[in-house]
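Understanding the architecture of this molecule
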Amino acid sequence: MTDWIRIFNEKAPEEAIGEVMESYHNKFVFQTYYLDKIPEYSSFVAALAGDEIVLGVIIAQSIKPIVAIPDIPKPFKRRREDLIKEYKDIMEKFRAVCEAVTIGYVRENEMFQGRPEKIPLIHDLIFLPEKDLIRELHLSKEPVLGYLPLIYSSMPNEEKSLFGYFLESFFKRLNNIFSREELLSILNGMQKDLLENEFERIFEQVNISLKRVLKNE
């Protein structure tokens, strides 16, 4: 297996997109450094947590001020590009805050899907992981995608009822990382796991969302 811990430790801090603000057993919340480097919804992120790498999937995003501003921001009646030209530092007054559900980790050069025993610390750096890392997470052992119940259970109740929308976005992302044959192999293992653990509701939503994504290829 690739020595991802060494690779991440050799990355310059400038390559990071943000750092951890809050850390829990099932998720971590981080702030981005710049508004033009916000990870996309349902994308993978990686926290360099000392001698481990904690992997997460984005399920929530928001933009918040980092300096005192009125409760309601002043309207400028400008397009984004015109506003930035006229007020060059305006984007420095805001940062994106993203919430990522923990779905896997790297420890001692071995990859695992699931929750790690240790969680990231506040200010641990956040990076966008390489595609090869994501591929190894899903293919280095028996092809499977066993963490969907972790994502589902970590979502607020109002989001659980819309889980199919997340799945479509997520499967489109996986479709750009894996070949069709690899993706189907991963999903077959996942569906078997869902049924064995009595996650029928998720199983049904997975099949509906998957059919839509593959139909629109």
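Above this text you will find the structure in question.
Residues numbered from 1 in each chain as written. Predicted model: local features only at pLDDT ≥ 70, side-chain atom pairs only at ≥ 80, totals over all residues. Heavy atoms only, no water.

Within the largest apolar cluster, 44 residues are counted, with the highest numbers of intra-cluster contacts made by Ile151 and Phe170. The biggest single contributor to this core is helix α6 (residues 163-175), with six residues. When residues no more than four places from it in sequence are discounted, the contact partners of Ile151 are Val57, Ile59, Val101, Ile103, Phe163 and Phe166. Of all hydrophobic cores here, the second largest spans 12 residues; its members include Phe28, Phe30, Ile58 and Ile126. (Core = buried A, V, L, I, M, F, W, Y, C linked by side-chain atoms within 4.5 Å. Buried < 20%, exposed > 50% of the residue type's maximum accessible area, 1.4 Å probe, protein only. Helix = DSSP H or I, 4+ residues; strand = E, 2+ residues; numbered from the N terminus. Contact = heavy atoms within 4.5 Å.)

Let's shift gears to the pairing of strand β2 (residues 27-32). Along β2, five of the six residues are buried, which leaves the element largely enclosed by surrounding structure. Strand direction decides the pairing type here: strand β1 (residues 18-23) and β2, joined by five bridges, are antiparallel. Residue pairing in the sheet places Glu22 in a bridge with Val29 of β2. (Pairing = 2+ DSSP bridges.)

What follows concerns the packing of aromatic side chains. Using the criterion set out here, one finds 10 aromatic pairs in the structure. On the numbers, 6.2 Å between centres and 75° between planes, the contact of Tyr147 with Phe170 is edge-to-face. Note that Tyr147 is positioned in the loop between α3 (131-139) and α4 (148-154) and Phe170 in helix α6, a separation of 23 residues in sequence. The two residues Tyr147 and Phe170 agree in class, both being buried. Taken together, the ring pairs connect Tyr41, Phe44, Tyr147, Tyr152, Phe163, Phe166, Phe170 and Phe171 into an aromatic cluster. (Phe/Tyr/Trp six-rings, centres within 6.5 Å; stacked < 30°, edge-to-face > 60°.)

Tallied over the full model, the rule gives 12 salt bridges. In this structure, Glu40 and Arg173 form a salt bridge, with 3.2 Å as the shortest nitrogen-oxygen distance. Taken together, the positions of Glu40 in the loop between β2 and β3 (44-49) and Arg173 in helix α6 put the pair 133 residues apart, joining distant regions of the chain. Here Glu40 falls in the exposed class, since its relative accessible area comes to 52%. (Salt bridge = Lys/Arg side-chain N within 4 Å of Asp/Glu carboxyl O.)

Note on placement: Ser209 falls in helix α8 (residues 200-215). On the basis of relative accessible area, Ser209 is assigned to the buried category, the value being 2%. Among residues more than four places away in sequence, those in contact with Ser209 are Gly164, Leu167, Glu168 and Phe171.

Moving on, we come to the pairing of strand β5 (residues 94-107). Summarising burial for β5: 13 of the 14 residues are buried, a large majority. Of the strand pairs in this sheet, β2 and β5 are connected by five bridges, and their pairing is antiparallel. If you follow Gln31 over to β5, its bridge partner there is Val97. In this sheet, β5 lies alongside strand β4 (residues 52-65) in antiparallel orientation, the contact comprising 13 bridges. Bridge pairing links Pro65 to Phe94 in β5. With four bridges joining them, β5 and strand β6 (residues 110-113) adopt antiparallel strand pairing. Counterpart to Tyr105 in the pairing with β6 is Phe112. Hairpin geometry of β5 and β6 is characterised by an intervening segment of two residues between the two adjacent antiparallel strands and by a positive phi of about 50° at Glu108.

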